[in-house]
Amino acid sequence: MEPNLLTYIWKNSKKEQTVALLIILASMPTYFLSLELPKQIVNGPIQGVGFDNPGDIATFMRITLPLPDFLYSGEPIVLFSGVDFERVGYLMALSISFLILVSANGIFKLIVNTFKGRMGERVLRRLRFQLFDRVLRFPLSRFRRTKASEVSSMIKDEVEPMGQFIGDAFAMPLFEGGQAATALIFIFLQDVYLGVLTIVMVSFQAWLIPRLRKPIIKLSKQRQVAARTLSGRLGEIVEGISDMHVNDTSNYERSNISSILNRLFFIRFELFKRNFSIKFLNNFLLQFLQFLFYALGGYFAIRGTLDIGQLVAVIAAFKDLPGPIRGLINWDQKRTLVEARYSQIVEQFASDSLLEPEKQTTTVEKVGKITKGFSISNLGVVDDTGSTLLERTSVEIGVNENVAVVGPVNAGATHFSQVLSRVILPTSGRVELDDTPLEDLPEYFTGRRVAFIDGNSYFPQGTILESLTYVLKHQPIIERMREGKAKTAHEDFLNEARLTRNSELDFDAEWIDYENIGIQDQDKLISRIREILVLIDLEEDIRGLGIRGSLDPKIYPEMCEQILQARQIFRSRLKVLGFDSFVEPFDPEKYNDQSTLGENLLFGTATTPSFQSDNLASNTLIREMLRKQGLEQSLFEMGKEVASTTVELFGDLSANNPFFDQLNYMQADDLPEYRAALARIGEGSLDGATKEDQELVLRLPFAYTETKNRLGLLNDELKDKIIETRKILRSALSELEHPPVAFFDPDHYNPAATVIDNILLGRVASNVAEGPERVFQAITDLMDELHLTDEIFRIGLDFNVGTGGKRLSESIRQKLHLARSLLKQPDILIINQALNTLDAKGQKKLLEAVLDKSRDSSHPFGIIWVPMNPALSQVFDRVLLFKDGELVADDTPAKLVNENELYKSLLAN
Amino acid sequence: MATLVQEVDILRKIPLFSGIDPVKLKLLAFASERVEYDTGQNLFRQGEVGDAAYVIVHGVADIIVETKDGEIPVAEFKDNAFVGEIAILCDVPRTATVRAKTKLVVLKIKKEHFLGLINDFPELGIEVMRELASRLSNTTNELSETRRELEQSKSK
């Protein structure tokens, strides 16, 4: 990358910079005219100069060449002789032309600014993309020292101020410089001494200011680094947040961030101070020059060496000087700052071992298979601390072989597998794949034909399906068809991408290369995935996620229909299954004894906080409804009863007594508050209580469940009334534009609820042993029976894995990594101590399944496996045994077990 | 619908709780879960670590000892029986399996609740101690009786 920002900007926007300059020049005449006109309006028609007698006329649109007074003071050069008007007409004509000029001026400004803005954004986009591109091509070893959040802070925030500067990078100094030069020349023409004086002062300024700026540049680099450190540390702290909690280091982190912020503060403060001092000095120097003009120029005038007219002209010209000079100084200040930023960033992104772009291109040709395999001769690897990881290793591994690589800890087995998968680079020797040195092979070959997994279980946020198919997305395969607006938007995208040298590949195209893995479409892909997941014992987990997942009726209308059917069947079978005593479906006509009173009233899930069960007591709409139905008073009495019983039962307990766990409608801390409220209310009714007390007490019945709390407070009369109110509430809320509640409806799918809740649409009594488990099993069986497992599996694939995949257990994540490397159908699969979260039995089972698959005659592939447990190597055809970074044995496990002591001892452990 | 009041009545019939203040019993009843079992379901199995005791509200439960030769039912418990109480007083594995012989409704009293109650009301502990001591004395009596019978039958 260019080491200098201006060079970079010029190189990447010279055409646009020139156009911007031309537009600015073209806008000049209208600009000067619009300054000139007001004077004419006031002098002419308003003050009546030239309209001394009624009937006098004036000439409009007589255009003279607009030259500043100091350049030309003779008779104006006439360009257009004009039209004659009387006084009022002349006023109107002038005023209207003023309006036109001002508008034209504004439009010019708009055009220039838009143009400059777009130019800046384009260069910025190109710069960002270029930096990101370098990140993708950095050698992997570099990321051991790079913090992710620092990279993102550099690409996102640090380059941002450059966007604003780019538009002014060339136009501004040329324009302002031109104006300053004109004024300077004029002063020179008037008086050589004053001219020299001005030149000397301006040159002194031009010499002094950059020197004063040096510490500013240094400071601004420091500020940049400090800010970057801040974002790097913030990123690290968030990533290791659990470490902070378990080790009580929150205050250490606080102090760390505080010290960084402190450094940042003083750097910024110092910057401010210095910037303002320079500004002060600049202004002072210019004013000092003015002082010299008055004093010296005046002196010369008195002495008679300079005539007064000349002095006045010089001073007038000088008045035009400070503006442009200040502009230049400001521009230069901005330039130094962004230049400093730029060079800082370029330094960070410089690397002499970037991967050549050709290694990462897409390819139109079909990528051939690996035919021979690895050939390694005299391989040596030394890490950055200088210790030897591997040496003198020579071996050949054929394409369809299955090989276990074992050895004592850190003996080289792991590093050997990492070299083969290009995660680390060899320091000496040769590693060839199909007779080509590994480092010369493009990523589109190795990335598609070789799969590698290790203990890493990271997934970016996305669905399981996206996580799995990630490895198939090498390049867009099928273009997306676009019509109308979308089509033009895409053309804009392509156009801009071309102009800014961004990637022109269509992100929304179909990227999955079905053909490459021998299938036709997405349906086949899903069944392929399913086969693989069955193989590695993960399919059931995914279906479990599916049944607890939710689905969007807009995307899967048919599936929702089927689930509704399943709901009806499940309900009709409750008795047969023996569930009728403890599964209580939601029925709009019945009070559900397993639910709270509030839930019975609302009969749905709240979609806004004010309708959540904690807030029902303070919800004015609900309260009003209760009052109208005559329920408010009885619920208040019920609340009082609950409160007094609870205070009686729990009042003497210490706050950490485990009994409080059973108290589902109140917290231990609330007890004193309730005791006080009860004392205030006494025998009084609802209306006598304060608003706070009313809400406090009414909160209790809403959270009350008779079957759980067993205080015997609900009778049939009250239940009937609640059902009645439920209906009225529902019809009232349904009329709202955005109903705050998703109602339970036996005939409709509830998109806010999970699949299993949709089938159940009711409550399972908590007091039946293994109730929820039995219901879950019954519903899973029902899905099988209705042949809905495919759908459930499909929903499971849409489960969102969360950031870093953290919503899945680590063993599932590791299995998914294995699954997707199998999905890729590689010719060689390299597995380095992956699956370490599985138990020995699980690892063995998976290993056998994968080995079995690798021998499948339709798609055989080779396996190079570094097992966690060396004993697992016995099922392989061949074992490579490493010791102290060297290959010491290479044979069948059967032979090694008899002849090699090291191998024997490894197995014994 | 069963209410706390009824449950308190049941608890009061259990000797271990008979001396306890009714208000405290109500608290215990409130905190305990009412659980239903179908015929054949296990309340707990022999060898498990116990965390709760059970009061049978109605139904019949089998006490089964698991041996190498299979399961041997040793006793039956009916209404108001208190099962598995040793586990909530000290950390010993379950000495037998308890299985629902009919449809069974029980009150499940968790160990932490029972101990929490004693923690807050030490006089409860004294009641429990008294009950346990009287059981121990009974058992000791029975033991010496049995020993004497054994001696007698040996000497014959």
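Residue positions are counted from 1 within each chain, in the order its sequence is given. Chain letters and ligand numbers both follow the written order, the letters beginning at A and the numbers at 1. It should be noted that, the model being predicted, local features are given only for residues of pLDDT at least 70 and side-chain atom pairs only at 80 or more, the latter also being counted only at that level, while totals for whole chains, interfaces and linings use all residues. Calculation of side-chain values draws on the structure's entire complement of heavy atoms; hydrogens and water are dropped beforehand.

Peer 1: So what about a negative patch on the surface? Which residues, and what values?
Peer 2: Every patch collects residues that have over 30% relative accessible area and no salt bridge, joining them within 9 Å if they carry like charges and within 5 Å if they are nonpolar side chains (Val, Leu, Ile, Met, Phe, Trp, Tyr). In these tables, accessible area is a Shrake-Rupley quantity obtained with a 1.4 Å probe, and a residue counts as shielded only by the protein chains included in the view. Salt bridge, as used here: a side-chain nitrogen of Lys or Arg that lies within 4 Å of a carboxyl oxygen of Asp or Glu. Asp and Glu are treated as the negative residues and Lys and Arg as the positive ones, with His and the ends of the chain left uncounted. Taken as the charge centre is NZ of Lys, CZ of Arg, CG of Asp or CD of Glu, depending on the residue. A cluster of like negative charges, contributed by Asp661 of chain A together with Glu48, Asp51 and Glu112 of chain B, occupies part of the molecular surface. Put simply, DSSP marks the helices as runs of H or I at least four residues long and the strands as runs of E at least two long, and each gets a number from the N terminus on. For Glu112 of chain B, the location among the structural elements is in helix H4 (residues 111-120). Using a relative accessible area of 39% as the deciding quantity, one classes Glu112 of chain B as partly exposed. Three labels apply to residues, based on accessible area from a 1.4 Å probe with only protein chains included: buried if under 20% of the type maximum, exposed if over 50%, partly exposed otherwise in between.

Peer 1: Explain the packing of aromatic side chains to me, using residue names and the numbers behind them.
Peer 2: All names here are of chain A. Each aromatic pair joins two rings of Phe, Tyr and Trp (for Trp, the six-membered one) with centres within 6.5 Å, and gets the label stacked for planes under 30 degrees apart, edge-to-face for over 60, and tilted for any other angle. Per the counting criterion, the structure on display carries 19 aromatic pairs over all chains. Summarising the aromatic geometry, the rings of Phe204 and Trp207 are spaced 6.2 Å apart at their centres and angled 25 degrees between planes, so their arrangement reads as stacked. Highlighted residues: Phe204 and Trp207, both in helix H6 (residues 192-239), separated by three residues, approximately one helical turn. Arranged with centres 6.0 Å apart and planes meeting at 5 degrees, the rings of Phe265 and Phe269 form a pair that is stacked. Of this pair, Phe265 and Phe269 both sit in helix H8 (residues 250-303), four residues apart, roughly one helical turn. You can call Phe269 partly exposed: its relative accessible area is 38%. Ring pairs connect the aromatic residues Phe280, Phe284, Phe288 and Phe291, which therefore count as one cluster. We note Arg142 situated over the ring of Phe138; from NZ or CZ to the ring centre the distance is 4.1 Å. Each ring is checked for a lysine NZ or an arginine CZ that lies within 6 Å of its centre and within 35 degrees of its normal; such an atom marks a charge sitting over the ring.

Peer 1: Outline unusual backbone geometry, listing residues and values.
Peer 2: Residue and element names in this part refer to chain A. Despite not being glycine, Asp434 shows a phi value in the positive range, around 50 degrees. For Asp434, the location among the structural elements is in the loop between strand S8 (428-433) and strand S9 (436-437). Exposure remark for Asp434: the relative accessible area of 17% places this residue in the buried category. Notably, Gln825 is not glycine yet its phi reads approximately 50 degrees, a positive angle.

Peer 1: Give a detailed account of the confidence of the model for chain B, specifying residues and quantitative values.
Peer 2: Reading predicted coordinates in detail is not appropriate for stretches of low pLDDT. Looking at chain B as a whole, its pLDDT mean stands at 82, while 98% of the residues score no less than 70. On the interface metric, ipTM, the complex scores 0.72, and its pTM is 0.71. pLDDT is a residue-level measure of predictor confidence that goes from 0 to 100.

Peer 1: An account of the interface of chain B and chain A is needed here, citing residue identities and associated values.
Peer 2: Contacts between the two partners involve 28 residues from chain B and, on the opposite side, 27 residues from chain A. Where chain B abuts chain A, roughly 2400 Å² becomes buried across the two surfaces, and 57% of that area is made up of carbon and sulfur atoms. Accessible surface is computed with a 1.4 Å probe, and the buried area is the amount of it that two parts give up when combined, taken over both parts together. When the buried surface of chain B facing chain A is broken down by residue, Leu27, Phe30 and Glu36 of chain B rank first, second and third, together holding 27% of it. Connecting chain B to chain A are one salt bridge. Note that Arg774 of chain A and Asp38 of chain B form a salt bridge whose closest N and O atoms lie 3.0 Å from each other. Pairing of N or O atoms within 3.5 Å defines a polar contact, subject to two protein rules: one partner must be a possible hydrogen donor and the other a possible acceptor, and residues neighboring in sequence count only if both atoms are side-chain atoms. The tally of links from chain B across to chain A stands at one residue pair in polar contact (both at pLDDT 80 or more). When residues of the side of chain B that touches chain A are traced back to their parent elements, those giving at least two are helix H1 (4-12), helix H2 (22-31), strand S1 (33-37) and H4 of chain B. Sorting elements by how many residues they give to the side of chain B that touches chain A places H2 of chain B first, with seven residues. Any residue outside Ala, Val, Leu, Ile, Met, Phe, Trp, Tyr, Cys, Pro, Asp, Glu, Lys and Arg is labelled polar, Gly included; the first ten of those are nonpolar and the last four are charged. A breakdown of the residues in the side of chain B that touches chain A according to their chemical character gives 14 nonpolar, five polar and nine charged. Pairs of residues are marked as contacts when any of their non-hydrogen atoms sit within 4.5 Å.

Peer 1: Quick one: what's the story with helix H3 (residues 148-158) of chain A, residue by residue and with numbers?
Peer 2: Turning to H3 of chain A, its buried residues number three or more, namely Ser149, Glu150, Val151, Ser153, Met154, Ile155 and Glu158 of chain A. Buried residues along H3 of chain A sit in contact with helix H2 (87-137), helix H4 (160-166), H6 and helix H10 (322-349) of chain A.

Peer 1: Would you mind going over helix H24 (residues 716-734) of chain A in detail, with residue names and values included?
Peer 2: All names here are of chain A. To estimate the expected span of a helix, subtract one from its residue number and multiply by 1.5 Å. Between the first and last C-alpha of H24 there are 27 Å, a value that for 19 residues agrees with the 27 Å anticipated at 1.5 Å per step. When H24 is considered as a whole, its buried residues turn out to be Leu718, Lys719, Ile722, Ile723, Thr725, Arg726, Leu729 and Leu733. Buried residues along H24 sit against helix H18 (597-602), helix H19 (620-628), helix H20 (632-650) and strand S15 (741-743).

Peer 1: Account for empty space enclosed by the protein, naming residues and giving values.
Peer 2: Of the grid points, spaced at 1 Å and generated over the protein atoms alone, those admitting a 1.4 Å probe that cannot get out make up cavities, while open sets with protein on both sides within 12 Å along at least five of seven lines make up pockets; any residue with an atom within 4 Å of a point is treated as lining. Grid points are joined across faces, edges and corners, and a volume is the space filled by probe spheres set on the points. Under the defined criterion, the tally for this structure stands at two cavities of 30 Å³ or more. Of the volumes computed, that of the largest cavity is approximately 50 Å³. What lines the largest cavity is Gly578, Ser581, Phe582, Val768 and Arg774 of chain A together with Glu36, Tyr37, Asp38, Gln41 and Lys103 of chain B. Of the residues in the lining of the largest cavity, the class split is three nonpolar, three polar and four charged. Lining of the second largest cavity is provided by Gln833, Ala834, Leu835, Gln843, Trp865, Val866, Pro867, Met868 and Leu872 of chain A.

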